[in-house]
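Examining the three-dimensional arrangement
Chain residues, written in single-letter form:
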Amino acid sequence: MHGHIEGKPILEVRGLTVEYDTGAHPVVAVDDVDLDVHAGEFVGVVGESGCGKSTLLFAIAQLLSPPAAITGGSVRFQGQDLVAMSEKKLAALRWRDFSVVMQSAMNALNPVKSIGSQFRDAIMAHDEPVADDRPAEVLRLVGIDPIHLKSYPHQLSGGMRQRAMIAMALLFTPDLIIMDEPTSALDVVAQRSLMLQIKDLQQRLGFAVVFVTHDMSLISHFSDQLLVMYAGQVVELGATRAVFDHPAHPYSKGLLDAFPSIRGPKVPLTGIPGSPPNLAHPPSGCRFNPRCPEAFADCTKVEPELYRVGSVQARCLLHAPSNKPAPVQEATS
Ligand SMILES: Nc1ncnc2c1ncn2[C@@H]1O[C@H](COP(=O)(O)OP(=O)(O)OP(=O)(O)O)[C@@H](O)[C@H]1O
């Protein structure tokens, strides 16, 4: 479906681990995450509240602040490890090569500066030459009249502020945009329209996106690859279509059952009983075992790895090679 998922990834996350130092027990909010993102690819990151989605994005963008810290792994972006990079070098890459759009533009935009002057600040912070009309051009790209370069954030609606943040993220036409629920503060209609616009821009300009959302139906239409997180770990990773058609992990099944299908027949929503574990004391064995409808004895003892299941990977003992049913013996009569 997407011919561009080829060649070397532009982003290679390996063994990425983030801890919140809480004094007593460190909270491992991101645990040994691996992820490849190719040029032009749209990756959705889903999972219940508190599973570590935002922490993962902040860790990729090197925007964590204490008590959170990366305690292991690497984030190679266009061949360079961002984890080992100096803040000065990172500042040169941010906005120009990758940019970040967070949940609320109101928190990211400066309330006492006009949109235009914030765009100019971002441009001046880099050596890269930018055409004088670029701020107007990126505003037009996101459907805002350039007259609003003179506006202050409070003079724009919530949807326009999010669009203005996306425009700012596009100033240098980066190769990657990291987005943490950029539509979540908006009403449903504005969410859909902003999402369509993000997808359209991504296809026209060719940047890759790592996108966190709670909205499974939104992501089903827009992402190429889906990363399902549970309790800080990747529990399923694969092509979005494959995960939606045949979820391999019982948690992914539960997440999908908890959301109404847009196109499919109406079925009762079952959801996932129970709540996610405390990350300071995750359950032994599989972290999902206390809530899993398919758990068996080993699940409380054995920590599952990510196993290949067809075209996807799933962290579930049901798919461990040792648990695969033995081939049916030929009956000897
Ligand atoms: N300052 C902190 N100190 C200790 N633990 C923290 C801190 N901030 C976050 N955490 C823990 O890290 C885990 C991951 O949080 P994170 O915000 O990344 O999850 P999330 O999946 O993005 O949640 P949401 O969908 O609600 O935004 C949570 O379980 C949370 O308890």
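Our structure is the block above this text.
Residues numbered from 1 in each chain as written. Predicted model: local features only at pLDDT ≥ 70, side-chain atom pairs only at ≥ 80, totals over all residues. Heavy atoms only, no water.

**Notes on the nonpolar core**
Selection criterion: Buried Ala, Val, Leu, Ile, Met, Phe, Trp, Tyr and Cys residues that are joined via side-chain atoms within 4.5 Å together make up what is termed a nonpolar core. Three exposure classes are used, based on accessible area relative to the maximum for each residue type with a 1.4 Å probe and protein chains only: buried under 20%, partly exposed in between, and exposed over 50%. Numbering of helices and strands runs from the N terminus; a helix is a DSSP stretch of H or I covering at least four residues, while a strand is a stretch of E covering at least two. Boundaries of every domain are those given by an automatic assignment or by a domain database. We call two residues contacting when some pair of their heavy atoms lies within 4.5 Å.
Phe-42, Phe-119, Ile-166, Leu-170, Leu-171, Phe-211 and Tyr-251 are the most contacted members of the largest nonpolar core, which totals 60 residues. Looking at this core, the element that brings in the most residues is helix 6 (residues 158-169), giving six residues. Split by domain, the residues of this core number at least three in each of domain 1 (11-97 + 174-267) and domain 2 (113-173). Contact partners of Ile-166, with chain neighbours within four places excluded, come to Val-101, Val-142, Leu-194, Ile-198 and Leu-201.

**Structural notes on the sheet that holds strand 8 (residues 208-212)**
In plain terms, the rule: Here the rule is simple: two strands pair whenever DSSP picks up at least two bridges between them. Axis geometry follows a simple rule: fit a line to the C-alpha atoms, using only the stretch in contact for helices, then measure angles between N-to-C directions, giving values from 0 to 180 degrees.
Read from one edge to the other, the open sheet built from eight strands follows the order 6-7-8-3-9-10-12-11, with strand pairing classed as mixed. Since the sheet does not close on itself, it has two edges, and those belong to strand 6 (98-101) and strand 11 (307-309), each with one partner. Averaged over all pairs of adjacent strands, the angle between their axes in this sheet comes to 20 degrees, without regard to strand direction. Examined bridge by bridge, strand 9 (residues 225-230) and strand 10 (residues 233-239) share six bridges and lie antiparallel to one another. Its bridge partner lying in strand 10, Tyr-230 is registered against Gln-233. Packing against the sheet, helix 1 (residues 53-60) makes contact with strand 3 (42-46), strand 7 (176-180), strand 8 and strand 9, and its axis sits at approximately 150 degrees to strand 7. The strands touched by helix 10 (residues 250-257) within the sheet are strand 3, strand 9 and strand 10, with strand 9 carrying the most contacts at an inclination of about 105 degrees.

**Section: the environment of Pro-26**
Along the chain, the position of Pro-26 falls in the loop between strand 1 (11-20) and strand 2 (27-37). On the basis of relative accessibility, which here comes to 37%, the residue Pro-26 falls in the partly exposed class. In sequence terms Pro-26 and Leu-196 are 170 residues apart; their C-alpha atoms lie 40 Å from each other. With near-sequence residues (within four places) excluded, Pro-26 lies in contact with Glu-19, Tyr-20, Leu-279 and Ala-280.

**Quick look at empty space enclosed by the protein**
Rules: Think of a 1 Å grid over the protein atoms and nothing else: a 1.4 Å probe that fits but is trapped marks a cavity, an open set flanked by protein within 12 Å on at least five of seven lines marks a pocket, and residues with an atom within 4 Å of a point count as lining. Grid points are joined across faces, edges and corners, and a volume is the space filled by probe spheres set on the points. The residue classification treats Ala, Val, Leu, Ile, Met, Phe, Trp, Tyr, Cys and Pro as nonpolar and Asp, Glu, Lys and Arg as charged. All others, Gly included, are polar.
A full pass over the atoms with the stated rule returns one cavity of 30 Å³ or more. Put simply, the largest cavity is a space of about 70 Å³. Lining the largest cavity are His-249, Pro-250, Cys-286, Phe-288, Asn-289, Cys-292, Glu-294, Ala-295, Cys-299, Cys-316, Leu-317 and Leu-318. A breakdown of the residues in the lining of the largest cavity according to their chemical character gives nine nonpolar, two polar and one charged.

**Some points on helix 4 (residues 115-124)**
Most of helix 4 is tucked away: seven of the ten residues are buried. Considered for burial, the residues of helix 4 that qualify are Ile-115, Gly-116, Ser-117, Gln-118, Phe-119, Ala-122 and Ile-123. If you follow the buried residues of helix 4, they end up packed against helix 5 (134-141) and helix 6.

**Examining the pattern of salt bridges**
Basically, it comes down to this: Salt bridge, as applied in this entry: a Lys or Arg side-chain nitrogen positioned within 4 Å of an Asp or Glu carboxyl oxygen.
Tallied over the full model, the rule gives twelve salt bridges. Between Arg-287 and Asp-31 there is a salt bridge, with its nearest N and O atoms 2.9 Å apart. Taken together, the residues span a long stretch of sequence, with Arg-287 in the loop between helix 10 and strand 11 and Asp-31 in strand 2 at a distance of 256 residues. Summarising the burial analysis for this pair, Arg-287 and Asp-31 share the class buried. As a salt-bridge pair, Arg-204 and Asp-200 come within 3.3 Å of each other at their nearest N and O atoms. Residue Arg-204 and its partner Asp-200 are both found in helix 7 (residues 188-205); the two are separated by four residues, about one turn of the helix. Residue class for Arg-204 comes out exposed when judged on its relative accessible area of 52%. Taking relative accessible area as the criterion, Asp-200 reaches 38% and is therefore assigned partly exposed.

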